[in-house]
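Listed below are the residues making up each chain.
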Amino acid sequence: MLISVVVPCMNEEASIPVLVERLSKVVAPYGDRAEVLLVDDGSTDATWSAIERARATFPCLRGIRLSANRGHQIALTAGLEAAQGERIFMLDADLQDPPELLGDMMGMMDRGYDVVYGRRNERQGETLFKRATAWVFYRVLNAMSDIEIPRDTGDFRLVSRKALDAILSMPERARFVRGMFAWAGFSQIGIEYARAPRELGDTKYPLRKMIRFAVDAMTAFSTKPLKFATRMSFASLGFSALMMIYVAHSLIVYQTAPGWASVVLVISLFSGVQLLTLGILGEYIGRLYVEAKNRPLYFVSEDTRSADLLPLRKVV
Ligand code: UDP
Ligand code: MG
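The text that follows walks through the structure, step by step, so that each part is easy to find. Treat the numbers as computed from the prediction; the structure is a model and nothing was measured.

A count of helical and extended segments in the protein chain gives 11 helices and 8 strands. A compact globule built from 316 residues should have a C-alpha radius of gyration of about 20 Å, whereas the protein chain, at 25 Å, is more than 25% larger. Across the 316 residues of the protein chain, 44% fall into the buried class. Long-range contacts, defined here as pairs at least 24 residues apart, represent 82% of the contacts in the protein chain between residues at least 6 apart. Working note: accessible area of the protein chain is about 16,400 Å², and carbon and sulfur atoms make up 63% of it. In the protein chain, the 38 positive side-chain charges and the 35 negative ones have mean positions that sit 5 Å from each other.

Structure (structure tokens):
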């Protein structure tokens, strides 16, 4: 198998037919040396039946259905684990990233690169809010993590088997795929493209999920937030030392304790710092807990490929 295309899909019934049509054109040059894996991430609409239907016209399509919604990064991981190709191409189901770029990416990989990632040079039709949050996200992420994650890249990329095996050998439960690739190293190169607006269906990343994703990304790759908490405690210690001098001074000079305003101010400042520090600690402890449980990341409830293999197994 030369190439595997991996696409996580959650409630993408509207996109599947177009997606499959465009992908079938893109992988046509590779004939039966290509496979397309659509991972249904616990959709509540007709995504799975759309995948099954598309298989009739597109034999190299394989559908994998997860037992429940596990989130974009885990669905992607499920597809990556199932992929058998020498090169693995990942993209979103909504066609915001043009699959037609595969040819160019293959060309760059022929020149010896292990990871060719897409870099968005413009984001057409995305709301100002989404663009602004994405901008802040990539900058804060790089400030807060120990590795350099290329700016404005998503999971849209072509990777070699070597790079993928490295990622799959990483045991963590927190799968921030693009960060893991950045951390793994190998020779990487970006390719610029314009990110199209989502045409069918709507975004599966509401603000709540985006914040979760950002916190995951930061805590998965560094302990800088913990150091930030320590620094903040030092700063507040320094501040309280100054406050003590001020209080002592007013006690001696004015013979009176200062009013309640400064007390309230100091109490709220320090309880804020303490709660934030606790919160940062909590994020890491929660993650330790999840890692320690060591549960499987996902369960596959249906796999069209094992359905194909079933009769074969019976013969043996
Ligand atoms: N997705 C998924 N599980 C989820 C959320 C999203 O598999 O819980 C998939 C979704 O179907 C799409 C990709 O992840 O293929 C990216 O989602 P989306 O396009 O909604 O994100 P956006 O482009 O708005 O950031
Ligand atoms: Mg999208």
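Turning to helix α8 (residues 207-221), a few remarks are in order. Here α8 contains 15 residues, and its C-alpha end-to-end distance of 22 Å stays within 8% of the 21 Å for a straight helix at 1.5 Å per residue. Those residues of α8 that sit buried are Met-210, Phe-213, Ala-214, Ala-217, Met-218, Thr-219 and Phe-221.

Okay, the coordination of the magnesium ion (ligand 2) next. The reference angle at a metal is 109.5 degrees if four donors form a tetrahedron and 90 or 180 degrees if six donors form an octahedron. The protein atoms that coordinate the magnesium ion (ligand 2) are Asp-94 (OD) and Gln-96 (OE1), at distances spanning 1.8 to 1.9 Å. Assessed through its relative accessible area of 8%, Asp-94 is described here as buried. By relative accessible area, which is 8% here, Gln-96 ends up buried.

In this section: the pairing of strand β4 (residues 87-90). Of the two faces of β4, the one holding Arg-87 and Phe-89 and the one holding Ile-88 and Met-90 are both buried throughout. Taken together, the 4 bridges between strand β1 (residues 3-9) and β4 define a ladder with parallel strand orientation. Each bridged residue has a counterpart across the sheet, and for Val-6 the counterpart in β4 is Met-90. Of the pairings in the sheet, the one linking β4 to strand β6 (residues 153-160) comprises 4 bridges and is antiparallel in character. Paired with Phe-89 across the bridge in β6 is Leu-158.

Cut-offs applied
- Residues numbered from 1 in each chain as written.
- Chains lettered and ligands numbered in written order.
- Predicted model: local features only at pLDDT ≥ 70, side-chain atom pairs only at ≥ 80, totals over all residues.
- Heavy atoms only, no water.
- Helix = DSSP H or I, 4+ residues; strand = E, 2+ residues; numbered from the N terminus.
- Rg over C-alpha atoms; globule rule 2.2 N^0.38 Å.
- Buried < 20%, exposed > 50% of the residue type's maximum accessible area, 1.4 Å probe, protein only.
- Contact = heavy atoms within 4.5 Å.
- Areas by Shrake-Rupley, 256 points an atom, 1.4 Å probe, with all protein chains shown as cover.
- Lys, Arg positive; Asp, Glu negative; His and termini not counted.
- Charge placed at Lys NZ, Arg CZ, Asp CG, Glu CD.
- Expected span 1.5 Å × (residues − 1).
- Donors = N, O, S within 2.8 Å, 3.2 Å for Na, K, Ca; no water.
- Pairing = 2+ DSSP bridges.

So far we have only geometry, and geometry alone does not tell us how the molecule works.
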